[in-house]
Amino acid sequence: MAPRPEAESVSPAALSEKSSIKDVVPARSTMDLVDADDPWDLPDLKDTGIKWSDLDTRGKILRVLTGIGKGILLLGFLYVFICSLDILSSAFQLVGGKAAGDIFQGNAVLANPVAGLVIGVLVTVLVQSSSTSSSIVVSMVSSGILDVQTAVPIIMGANIGTSVTNTIVAMMQAGDRNEFRRAFAGATVHDFFNWLSVLILLPLEVATGVLYKLTDLLIKSFNIQSGEDAPDLLNVITDPLTDSIIQLDKSVINDLATGDEGARNKSLIKFWCTVEKYKVLQNVSVESCVNYTACWEDGGKFWAEQNVTMTNNIERCSHIFAYTTLPDLAVGLILLAASLLLLCTCLILIVKLLNSMLKGQVAVVIKKVLNTDFPFPFGWVTGYIAIVVGAGMTFIVQSSSVFTSAITPLVGIGVISLERAYPLTLGSNIGTTTTSILAAMASPGDTLSNSLQIALCHFIFNIMGILIWYPIPFMRIPIRLARGLGNRTAKYRWFAILYLILCFLVLPLSVFGLSMAGWIVMVSVCVPIVVLIIFVIVVNVMQSRWPRFLPKVLRSWDFLPRPLHSLAPWDAVVTSMLGFCSNRCCCCCKCSNCCQRNDEEAVRKGSLEVYDNPAMSFDDDPKDTVTHF
């Protein structure tokens, strides 16, 4: 029998040293590495204050009054937040409204369904309102410039463009990595739903005309009478503030889109709020005397008596820019900067107030109400109720951008889960179409049919998208894509800006430019790109699930240069550029000693965050610490 080894003798000093090492709290960066919590789990908003039972009478009264005050402040900040979104939309219309009207004049280009789609995206991004771009389309259809079948892809593009607002709002929460992860995913789940629906339904519409035929059948089947205009619920509250800042004459964009050259010299800013229009019989030059009772020739021209509409300005507007001499572009840029600043400030204050209010039992109750499913076997009903709630709330506020932008911060701080935000967003898409249907029903009798058919196309497009991407849990691909994009943007926060520019500006402009060159050029450029994208997606799926079926070289992307399959090299470039710019900007103000202060903070923080904690060196699986912007 082998001799039993003697027990290793350990001195008490060594034991105390080892225990003291294990008791050392790891540095923040090391704790992030060993933290195994799922970042998508909703955080517990714990109440760190004194319990209600431990408060005396005075403390209870103060807490109640504080809660009421915070609630009033929250409503006030929410009101200003919604008003800033309205001003942001007006600013975008001043900056790009006339360009949007000019884009719609290319009738030959609009005949191309892909070009019509990207035009709908671009115009909606420019005017920050799908209802405005939809009304332009309806005006063009009513005036005979566009037919309904040509306008359907433009409506699909407007559906995509309206989701840019809540994506911008999500970027305001980039300060906290996990909040930004959830907020950006909650915003872009709307984007992915719209893009995926278009990828399926646009080719189907081009091949079969299903939306056009179905809505045409509905219009002919029902004896639809002209109804009331869409209810103006939210605007009754917000208009007093927004109208005191800026008022726009949106008919100028419609006139430009319908080919009125006289509107090119008009300002979008409304200077006269009360006008009187009347008709006067005047002598005007005409091409010929056909169809005119009183017509004559004078000086080689034909003249006839015709009624001309005259406008008499009665009362001047009272908003801030009613007497301005600045061009529309300058006013738009001023309002754009001011509204973005106001939007950021309100959003930060709303998030801080919600974080201070939603604690303890209140947070538990709200989370249960918003995120808990019905008991078995009725759990599947919960999502459809959320769709109805989203549609109803959007109908009340009359703007899908306002509703989705309002729930985005709630997703970020963890009050609403991504799985619950998805059906709320789908309902918002339906709600924004019901208001356009009611508005179309107020159209005159001769244009009612076409106007209502376009609104129904928008409605049925969203219904069909929901039927594809929601009822079957496996088909809820937008949630998985948004979650992946949220992880990516949380790791590389600059990628959110790149995504916004690529999806809503570069891609639509590129496709629009190719469509101007004709079908042959667009197909010859786009088809290889689409084939490459499909190939990359298929290989990625097979690499993660069935790598044995791939050739050895394709089992990873390591054979490519690293910048082609990883964002880490690009992150290093962006981080170094931002660091260079911040250092240069700081050193320009040496009088404030900010450089010395930043250096001291870097040394102090670096000792805790940048370097590995030696106390954790006994870990068996060391990990590299990488700091990303």
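Bear in mind the structure is a predicted one, so any value in this text is a computation, not a measurement.

### Observations concerning the overall build of the chain
Counting its secondary structure elements, the chain contains 23 helices and 3 strands. For the chain, the residues scored as buried account for 39% of the 629 residues in total. In the chain, 76% of the contacts between residues at least 6 apart in sequence involve partners at least 24 apart. When the accessible surface of the chain is split by element, carbon and sulfur atoms take 64% of a total near 35,000 Å².

### Comments concerning the nonpolar core
Considering soluble globular proteins, one finds that nonpolar side chains tend to be buried as a cluster. Met 156, Tyr 422 and Phe 504 are the most contacted members of the largest nonpolar core, which totals 49 residues. In terms of residue count, the dominant contributor to this core is helix α9 (residues 177-208) (12 residues). Setting aside anything within four residues of it in sequence, one finds Met 156 in contact with Leu 117, Val 198, Leu 201, Leu 202, Glu 205, Leu 211 and Phe 461. If you look at the next biggest cluster of nonpolar residues, it comprises 27 residues, including Ile 87, Leu 94, Ala 263 and Val 331.

### Comments concerning helix α5 (residues 113-127)
The end-to-end C-alpha distance of α5, which contains 15 residues, comes to 21 Å, matching closely the 21 Å that a straight helix rising 1.5 Å per residue would cover. Buried residues dominate α5, accounting for 13 of its 15 residues.

### Looking at the pattern of salt bridges
Going through the model one piece at a time under the given rule, you end up with 1 salt bridge. With a shortest N-O distance of 2.2 Å, Arg 483 and Glu 419 are connected by a salt bridge. With Arg 483 in helix α19 (residues 477-491) and Glu 419 in helix α17 (residues 418-440), this pair connects stretches of sequence that are 64 residues apart. With a relative accessible area of 23%, Arg 483 lands in the partly exposed category. With relative accessibility at 39%, the residue Glu 419 sits in the partly exposed group.

### Structural notes on a nonpolar patch on the surface
Residues Val 521, Val 525, Ile 529, Ile 533, Ile 537, Val 541, Trp 546 and Phe 549 make up a contiguous nonpolar surface patch of about 700 Å² in total accessible area. On the secondary structure map, Ile 533 appears in helix α21 (residues 519-545). Given a relative accessible area of 46%, Ile 533 falls into the partly exposed group.

### As for the environment of Ala 151
Looking at the secondary structure, you find Ala 151 in helix α7 (residues 148-161). Owing to a relative accessible area of 0%, Ala 151 belongs among the buried residues under this scheme. Sequence-wise, Ala 151 and Gly 116 are 35 residues apart; in three dimensions their C-alpha atoms are separated by 7.4 Å. Every residue in contact with Ala 151, bar those within four places of it in the chain, is listed here: Val 137, Val 141 and Ile 454.

### A few points about the packing of aromatic side chains
Tallied over the full model, the rule gives 8 aromatic pairs. Between Phe 180 and Phe 184, the ring centres sit 5.5 Å apart and the planes meet at 55°, which makes this aromatic pair tilted. One end of the pair, Phe 180, and the other, Phe 184, are both in helix α9, 4 residues apart, so they sit about a helical turn from each other. In this arrangement the basic side chain of Arg 316 is found over the ring face of Trp 272, its NZ or CZ atom lying 5.0 Å from the centre.

### A closer look at the packing of α9 against helix α16 (residues 400-413)
Contact geometry of α9 with α16 gives a least axis separation of 7 Å together with a crossing angle of 145°. Of the two elements, α9 crosses α16, and the hand of that crossing is right-handed. Touching Glu 179, Arg 182, Ala 183, Gly 186, Ala 187 and His 190 of α9 are Thr 404, Thr 408, Val 411, Gly 412 and Ile 413, all from α16.

### Quick look at the environment of Ile 87
The topology assignment puts Ile 87 in helix α3 (residues 57-103). Sequence separation between Ile 87 and Leu 241 is 154 residues; the distance between their C-alpha atoms is 9.9 Å.

### Notes on the state of the cysteines
Per the stated rule, a full pass over the model turns up 1 disulfide. Shown here is the disulfide that connects Cys 273 with Cys 317, its sulfur atoms set 1.9 Å apart. Its torsion about the S-S bond being 115°, the disulfide of Cys 273 and Cys 317 is classed as right-handed. Of this pair, Cys 273 sits in strand β1 (residues 272-286) while Cys 317 sits in the loop between β3 (301-316) and α13 (328-357), and the two are 44 residues apart along the sequence. Residue classification places Cys 273 among the partly exposed positions, given a relative accessible area of 35%. What makes Cys 317 buried here is its relative accessible area of 3%.

### As for the side chain of Ser 163
By the element assignment, Ser 163 lies in the loop between α7 and α8 (164-170). With residues near it in sequence (within four places) discarded, Ser 163 still touches His 190, Asp 191, Asn 194 and Phe 504.

### As for the packing of α9 against α19
Across the interface, α9 lies against α19 with an axial gap of 7 Å and an inter-helix angle of 140°. As summarised for this structure, α9 and α19 are arranged oblique, according to the angle between their axes. As for how α9 packs across α19, the hand of that crossing is right-handed. Listed contacts from α19 to Arg 177, Phe 180, Arg 181, Phe 184, Ala 185, Thr 188, Val 189, Phe 192, Phe 193 and Leu 196 of α9 are Ile 477, Pro 478, Ile 479, Leu 481, Ala 482, Arg 483, Leu 485, Gly 486, Asn 487, Thr 489, Ala 490 and Lys 491.

### A short note on helix α15 (residues 381-397)
With 17 residues, α15 extends 25 Å between its outermost C-alpha atoms, agreeing within 8% with the 24 Å of an ideal straight helix rising 1.5 Å per residue. Among the residues of α15, Thr 382, Gly 383, Ala 386, Ile 387, Gly 390, Ala 391, Thr 394 and Val 397 are the ones counted as buried.

### A word on the confidence of the model for the chain
Of all residues in the chain, 72% have pLDDT values of 70 or greater, and the mean over the chain is 75. Across the chain, the element-wise mean pLDDT spans from 37 in helix α2 (residues 28-34) up to 90 in α19. Note that pLDDT drops below 50 for residues 589-629; the model gives that stretch 47 contacts with residues more than four away or on any other chain.

Cut-offs used in this document
- Residues numbered from 1 in each chain as written.
- Predicted model: local features only at pLDDT ≥ 70, side-chain atom pairs only at ≥ 80, totals over all residues.
- Heavy atoms only, no water.
- Helix = DSSP H or I, 4+ residues; strand = E, 2+ residues; numbered from the N terminus.
- Buried < 20%, exposed > 50% of the residue type's maximum accessible area, 1.4 Å probe, protein only.
- Contact = heavy atoms within 4.5 Å.
- Areas by Shrake-Rupley, 256 points an atom, 1.4 Å probe, with all protein chains shown as cover.
- Core = buried A, V, L, I, M, F, W, Y, C linked by side-chain atoms within 4.5 Å.
- Expected span 1.5 Å × (residues − 1).
- Salt bridge = Lys/Arg side-chain N within 4 Å of Asp/Glu carboxyl O.
- Patch = residues over 30% accessible without salt bridge, like charges linked within 9 Å, V, L, I, M, F, W, Y side chains within 5 Å.
- Phe/Tyr/Trp six-rings, centres within 6.5 Å; stacked < 30°, edge-to-face > 60°.
- Lys NZ or Arg CZ within 6 Å of the ring centre and 35° of its normal.
- Axes fitted to C-alpha atoms, helices over the stretch in contact; angles between N-to-C directions.
- Left-handed = near helix turned anticlockwise from the far one by under 90°.
- Disulfide = S-S within 2.5 Å.
- Parallel < 35°, antiparallel > 145°, perpendicular 65-115°, else oblique.
- pLDDT = per-residue confidence, 0-100.

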